[in-house]
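# Fold and contact review
The primary structure of each chain is shown beneath.
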Amino acid sequence: MKKCILSFLLLFCMALSADVILSPLFSDHAVLARKSVVPIWGKAAPGEYVEVSIAGVTGRTRADIRGRWIVRLDLSKCGNGPFELRANDAVSRDVLIGEVFLASGQSNMTLQFRNVYDWSEIARQSADNGFRYFDVGRKWVPTPQEEVTGKWEIVSPENVWRFSALAYLFGRELRRELGSPVGIVHASLGGTPIDGWMSVESIAPFADRLALKERGEAHMAAFPGKEAAFLRDYPLWEKNLGRDLPRPATVPQVSWGRRKVGGQLSNTGGAVWIRFKTDLSEAEVRQGISVVIGRPDCIIDIYINGRRASGNNLGTVARKKVFFAMPRQGANVGENEIAIRFFSSGNEVKVPMPFNFGKKIFREGEGEWEVYVEKEFPALTAEQQSSRPVFNEAFLSMERYPCQLYNGMIHPLHPLALTGVIWYQGEHEANRPDFYRQAFPRLITDWRQRFEDPELPFFFCQLAAFHPKTNDPANAGWAAQRDAQGSVLNLRNTAMVIITDAGESDDIHPVDKHTPARRMAACALAMIYKRDVQYRAPEARCARGEQNGVVAVYFDCFNTSLTARPVATEYYVRRSAGRKAPLVRNSPEAQVENVALCGSDGRWFWAKEARIIGNMLIASSPEVPRPVKIRYNWNSNPSGNLFGENGFPVNQFELDVQR
């Protein structure tokens, strides 16, 4: 009997030991920060003792009642590796020790490397065993999460195309300069507000944001039940009226007609097909063809070379979501036959126009396509229409609500040891600069506390140039938001990357990510690694009124000097399409472009004279005999040409004129 009990206990203990799990952040190919305090955590049986070791450094702990455990190791004196990371019997292999940066923000951080203008040549040479990338799984939820999804990947030509362009190019610069292993933990999502990335504690002072969070969560808590009822009742309604049709696996072999391209396919409901031919590139076949149709009220099936490759469902239609698909099954390089089936059991089959299939764009009334009417239903009677289940509940994009992204994508990372944070976000709040001015420092301070590093370096991109050029000196546009971004520079270990010279007037996602990456890397090299690297342009300090309406602006120069580059003769409208436009100057006689002066009447005028004398800017305008304010680059898409001799652009400024 005693032997049986001992055998049982032994097996029980062995089972517990086998249950030790490392967080995915510490899986194979991970990069750990070379710091004196490096938290490592995971799961085990409640109460189990866990011993963690790497590179000869060991720590011990015990799992809590929920089975969570964490140890903190001193890895500051460790080499690069590779090493094995052990937690009892759990082993992660090929683990490096070096620099770890969190990359976060909205779409300009999310923008994939394949969108950069010269990405393909760089991608071919991107294989680097010392450069790793962890893409945090997209998740937005009402409560803070503990588990993260994702895996570490070694940078290679096969995967680099889908990595964040800015994060990859930033890490690439550090690899070149430091030689140390670099790990990027990427957690960003396009079109998202700053408060989506903030904890509920950090938004506490903003009553309106808290109220919005609570309203959104209450709505979405009730949504699934209402949606489930609709998804149950609507197919029954279709079946009872004989308005349901099977979804074919292949394109029917029938005679097709021709019709002018148009969104109205049927006035009484049913199933209508369109067909066309298109050429697909090797990249489209490998990565998928982008198909975007705006909020269709019908079921869609896409067929490539005769067979079904993709489609949506009733839930997508009910949620009124844009139909977006990347089908590639059955696609060939070169010419392909595409058929799309549109089905609606309502009173019409109507497709939002325009829509795109890869590079092919369909616009109302432009050209023809083949058409096959599979079935047209009779018009609904008033009684049938009134009995039709209707779903009017709005599906809320909760990733745009306060705290949701923080809960799902940032909280699970705490307290990962980081070398620093890189951030590109702010377009979403371009019309709320006052809120951003308050929220941004709270986000930085809160993240630093939760990552257990009160002076964690935080580098961020100021918004790039965007929107059409303006000849109105009073049109500030995005300038107030850029100013709000810069207001956090009073926090230690922060740096702002100026990129108003790297934007595009017709693309909010400029494809030049080399410029911000190089400048951001310079910030890191100077501030973290104490390299003798220039990373700041001269900064305007004060403005003084001189005789005859002249204003002199004085600069702090930070071991560089002020210079005026030749004013560009053209600018990018959309670089990905090769579109440029001539630059019409606002101050054609001045050495320095985009300087404006304001009198006591509040009216702004472009400076007629604006030139550099030493490290001072001199400006005047005959329309403003006694200036009270002076601006430089104070608009959405500025054309200013003030730089430091080190190649960094001078930041926008608005200064009161002192006397």
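For the structure, see preceding data.
Residues numbered from 1 in each chain as written. Predicted model: local features only at pLDDT ≥ 70, side-chain atom pairs only at ≥ 80, totals over all residues. Heavy atoms only, no water.

Attention now moves to the overall build of the protein. Looking only at helices and strands, one finds twelve helices and 38 strands in the protein. Expressed as lengths along the three principal axes of its C-alpha atoms, the size of the protein is roughly 85 × 85 × 50 Å. Residue burial in the protein is summarised as follows: out of 659 residues, 54% are buried. Considering only contacts in the protein between residues 6 or more positions apart, those separated by 24 or more positions represent 75%. In the protein, the 81 positive side-chain charges and the 73 negative ones have mean positions that sit 2 Å from each other. (Helix = DSSP H or I, 4+ residues; strand = E, 2+ residues; numbered from the N terminus. Buried < 20%, exposed > 50% of the residue type's maximum accessible area, 1.4 Å probe, protein only. Contact = heavy atoms within 4.5 Å. Lys, Arg positive; Asp, Glu negative; His and termini not counted. Charge placed at Lys NZ, Arg CZ, Asp CG, Glu CD.)

The strands making up a sheet associate through backbone hydrogen bonding, with each pair oriented either parallel or antiparallel. In space, the six strands of this open sheet follow the order β12-β23-β14-β19-β16-β17, with antiparallel pairing throughout. Only two strands of the sheet have a single neighbouring strand rather than two, namely β12 (257–260) and β17 (307–311). Strand after strand, the sheet turns through a mean of 35 degrees between neighbouring axes, direction not considered. For strand β16 (residues 299–304) and strand β19 (residues 334–344), the ladder comprises six bridges, and the chain directions are antiparallel. Bridged to Tyr-303 within β19 is Ala-339. (Pairing = 2+ DSSP bridges. Axes fitted to C-alpha atoms, helices over the stretch in contact; angles between N-to-C directions.)

Attention now moves to the environment of Gly-367. Following the sequence through the fold, Gly-367 ends up in the loop between β22 (360–362) and β23 (368–376). Classification of Gly-367 as partly exposed rests on a relative accessible area of 44%. Residues Gly-367 and Leu-32, 335 residues apart in the sequence, show an inter-C-alpha distance of 57 Å. Apart from residues lying up to four places away in sequence, Gly-367 is in contact with Lys-260 and Val-261.

What follows covers the sheet that holds strand β6 (residues 68–73). If you trace the three strands from one edge of the open sheet to the other, you get β1-β3-β6, paired in antiparallel fashion. Two strands in the sheet have a free side with no partner beyond their single neighbour: β1 (21–22) and β6. Sheet topology places strand β3 (residues 38–43) next to β6; six bridges connect them, and they run antiparallel. Pairing of Trp-41 across the sheet is with Ile-70, part of β6.

Right, let's talk about the pairing of strand β5 (residues 57–62) for a bit. Of the strand pairs in this sheet, strand β4 (residues 49–54) and β5 are connected by six bridges, and their pairing is antiparallel. Residue pairing for β5: Val-50 is matched across the bridge by Thr-61. The turn linking β4 back onto β5 is made up of two residues, and Ala-55 within it adopts a positive phi angle of 50 degrees.

Summed over the entire model, instances satisfying the criterion amount to two cavities of 30 Å³ or more. The calculated volume of the largest cavity comes to roughly 50 Å³. Considering the residues around the largest cavity, the lining is formed by Leu-25, Phe-26, Val-31, Leu-32, Ala-33, Val-38, Pro-39, Val-100, Trp-152, Leu-416 and Ala-417. Looking at side-chain class alone, the lining of the largest cavity contains eleven nonpolar, no polar and no charged residues. Lining the second largest cavity are Asn-108, Tyr-424, Glu-427, Ala-464, Ala-465, Phe-466, Trp-478, Ile-508 and Pro-510. (1 Å grid on protein atoms, 1.4 Å probe; cavity = no way out; pocket = protein on both sides within 12 Å on 5 of 7 lines; lining within 4 Å. Points joined across faces, edges and corners; volume = space filled by probe spheres on them. Nonpolar A, V, L, I, M, F, W, Y, C, P; charged D, E, K, R; others polar.)

With that settled, the discussion passes to the packing of helix α10 (residues 433–450) against helix α11 (residues 479–486). The geometry of α10 relative to α11 is characterised by a closest axis approach of 8 Å and an angle of 15 degrees between their N-to-C directions. With respect to their mutual orientation, α10 and α11 come out roughly parallel. Crossing of α10 over α11 shows right-handed handedness. Along its contact with α10, which presents Pro-433, Tyr-436, Arg-437 and Phe-440, the element α11 presents Ala-480, Gln-481, Asp-483, Ala-484 and Gln-485. Here the residues of the contact of α10 with α11 are counted per class, giving five nonpolar, two polar and two charged. (Parallel < 35°, antiparallel > 145°, perpendicular 65-115°, else oblique. Left-handed = near helix turned anticlockwise from the far one by under 90°.)

Moving on to the environment of Glu-227. Structurally, Glu-227 can be placed in helix α5 (residues 207–240). Through-space distance from the C-alpha of Glu-227 to that of Asp-532 is 60 Å; in sequence the pair is 305 residues apart. Those residues in contact with Glu-227 that lie beyond four places of it in its chain are Gly-315, Arg-319 and Phe-391. Of the polar contacts made by the side chain of Glu-227, one reaches the side chain of Arg-319; its length is 2.6 Å. (Polar contact = N/O pair within 3.5 Å; in protein donor to acceptor, adjacent residues only side chain to side chain.)

Below, the discussion takes up the packing of aromatic side chains. All chains considered together, the criterion is met by 33 aromatic pairs. Considering the side-chain rings of Phe-101 and Phe-170, the 5.0 Å spacing of their centres and the 80 degrees angle between planes classify their relative orientation as edge-to-face. Taken together, the residues span a long stretch of sequence, with Phe-101 in strand β8 (residues 90–105) and Phe-170 in helix α4 (residues 165–178) at a distance of 69 residues. Neither residue differs from the other here; Phe-101 and Phe-170 are each classed as buried. Grouping aromatic residues by their ring pairs yields a cluster made of Phe-223, Phe-230, Tyr-234, Trp-237, Phe-391 and Phe-395. Looking at Lys-469, its charged tip hangs above the ring of Tyr-571, at a distance of 5.0 Å from the centre. Taking the ring centre of Trp-604 as reference, the NZ or CZ of Arg-631 above it sits at 4.0 Å. (Phe/Tyr/Trp six-rings, centres within 6.5 Å; stacked < 30°, edge-to-face > 60°. Lys NZ or Arg CZ within 6 Å of the ring centre and 35° of its normal.)

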